[in-house]
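Chain by chain, the residues run as shown.
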Amino acid sequence: MGIALKIILVVVSVVLTISILLQSSNSAGLSGSIGGGAEQLFGKRKSQGYDAILSRISTVTAVLFILLALVLVAIE
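What comes next concerns the included structure.

### A look at the packing of helix H1 (residues 2-22) against helix H4 (residues 50-75)
Each pair of packed helices can be summarised by the angle the axes make with each other and by the distance between the axes.
Then, in step 1: At a closest axis distance of 8 Å, the pairing of H1 and H4 adopts a crossing angle of 150°. Between H1 and H4, the angle is such that the two are roughly antiparallel. As H1 packs across H4, the resulting crossing turns out to be left-handed.
Then, in step 2: For the contact of H1 with H4, the per-class residue count stands at 19 nonpolar, five polar and one charged.

Set out below in structure tokens:
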């Protein structure tokens, strides 16, 4: 059982890494963080397409990663 969970953990880790790397950045360095503050304050909407899907995949795989890691620590 431990080996199967470790294999699943590796797959989840790879998917999480790829989904994070494929996401577009929110700002362009320091100037983007200063200028982008107003957009964050007034709630600029995320696009509903590709970025939203990647964001959801990242969230789900991050939760799976944490749960799998905790389960592996508990059983070993």
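Still more ground to cover, so stick around.
### Side note on the nonpolar core
Then, in step 1: Listed in full, the five residues of the largest apolar core are Leu5, Leu9, Val12, Leu68 and Leu72.
Then, in step 2: Ranked by the residues each element gives to this core, the list is headed by H1, at three residues.

### Looking at H4
Then, in step 1: Here H4 spans 37 Å end to end across 26 residues, near enough to the 38 Å set by a 1.5 Å rise per residue.
Then, in step 2: On the buried face of H4, the contacting elements are H1.

### Quick notes on the pattern of salt bridges
Then, in step 1: Counted according to the given criterion, the structure contains one salt bridge.
Then, in step 2: Of the charged contacts in the structure, one is a salt bridge between glutamate 76 and lysine 6, with a shortest N-O distance of 3.2 Å. Taken together, the residues glutamate 76 in the segment after H4 and lysine 6 in helix H1 connect sequence positions 70 residues apart.

Calculation rules
Residues numbered from 1 in each chain as written. Predicted model: local features only at pLDDT ≥ 70, side-chain atom pairs only at ≥ 80, totals over all residues. Heavy atoms only, no water. Axes fitted to C-alpha atoms, helices over the stretch in contact; angles between N-to-C directions. Helix = DSSP H or I, 4+ residues; strand = E, 2+ residues; numbered from the N terminus. Parallel < 35°, antiparallel > 145°, perpendicular 65-115°, else oblique. Left-handed = near helix turned anticlockwise from the far one by under 90°. Nonpolar A, V, L, I, M, F, W, Y, C, P; charged D, E, K, R; others polar. Core = buried A, V, L, I, M, F, W, Y, C linked by side-chain atoms within 4.5 Å. Buried < 20%, exposed > 50% of the residue type's maximum accessible area, 1.4 Å probe, protein only. Expected span 1.5 Å × (residues − 1). Contact = heavy atoms within 4.5 Å. Salt bridge = Lys/Arg side-chain N within 4 Å of Asp/Glu carboxyl O.

None of the figures reported here should be taken as evidence of function without further support.
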